[in-house]
Amino acid sequence: TRRNPVAKSARSRTAPMCMGLLKGLDPVLTAELLFVLRSAGHGDVIAVVDCNFPAVEVASKTTTGTLVTLAGVDCPDALNAIGSVMPIDLFVDEPLRNMCPSPGLELPPAGVEVLELSSKAMATHCTTAKFTPLDRMAFYDEARKAFAVVQCSERRPYGCFLLQKGVVGPDGKDLQP
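Residues numbered from 1 in each chain as written. Predicted model: local features only at pLDDT ≥ 70, side-chain atom pairs only at ≥ 80, totals over all residues. Heavy atoms only, no water.

As for the overall build of the protein
Put simply, the rule reads: Numbered from the N terminus, helices here are DSSP runs of H or I no shorter than four residues, and strands are runs of E no shorter than two. To sort residues, take the accessible area from a 1.4 Å probe on protein chains only and compare it with the maximum for the residue type: under 20% means buried, over 50% means exposed, and anything in between is partly exposed. Here a residue-residue contact requires only that any non-hydrogen atoms of the pair lie within 4.5 Å.
The helix and strand inventory of the protein stands at 6 helices and 6 strands. Secondary structure of the protein in N-to-C order comes out as α-α-β-α-β-α-β-α-β-α-β-β. Within the protein, the fraction of its 177 residues that count as buried is 41%. Considering only contacts within the protein whose residues lie at least 6 apart along the sequence, 88% involve residues at least 24 apart.

Here it is as structure tokens:
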């Protein structure tokens, strides 16, 4: 029987790792991540979390039980890539939420930095929604109700975010109320 030579070379362990790119898509958007984002419906939540988050346990409780790992990608870059293709639900009061410390504790400087960079990344795609802080323990509970979890290699503390998927309008942009 004939074998596909391309498929054979793609399976070869000695061949250099190379991935095909698509025009107009951020290379951070893996096939697995695009599938999850496309599969999510209006109102579904995607949890984008840092490397210290208990992602395996939390993902096992989500709607799909899916954990997508973005090795070598920080949260601002992941959010920028996701925001470039996923509409945000502008019909709810808090479509973007971020993990914050428990009451009485302050966000450390590195946590402030990741929140600021992540906010800027999302603002390039959705100017009207801002991140709303959510207590750490409440964040864990909400993440378990999410559609899926996307874990980044982010090492700065409190680099954890919830994004509620909206609707793509007739103009190809996030549908506005």
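Describing the pairing of strand β3 (residues 96–100)
The cut-off we apply is this: Being paired, for any two strands, means DSSP has found at least two bridges between them.
Among the 5 residues of β3, 5 are classified as buried, and the element is accordingly described as predominantly covered. Residues of β3 alternate between two faces, with L96, N98 and C100 on one and R97 and M99 on the opposite face, all of them buried. Where β3 and strand β4 (residues 132–135) come together, 4 bridges link them in parallel fashion. Its bridge partner being in β4, N98 is matched across the sheet by P133.

Notes on the nonpolar core
Condition: We call a set of buried Ala, Val, Leu, Ile, Met, Phe, Trp, Tyr and Cys residues a nonpolar core when their side-chain atoms join them within 4.5 Å.
If you look at the biggest cluster of nonpolar residues, it comprises 31 residues, and the most contacted ones within it are L33, I46, V48, L70, I88 and L163. When contributions to this core are tallied by element, the ones reaching two or more residues are α2 (31–39), β1 (45–49), β2 (66–70), α4 (75–83), α5 (109–123), β5 (148–152) and β6 (161–164). If sequence neighbours within four positions are ignored, L33 has contacts with V28, V68, L70, I82 and V150. The next biggest cluster of nonpolar side chains, apart from the first, holds 17 residues, and it includes A55, V58, M99 and F139.

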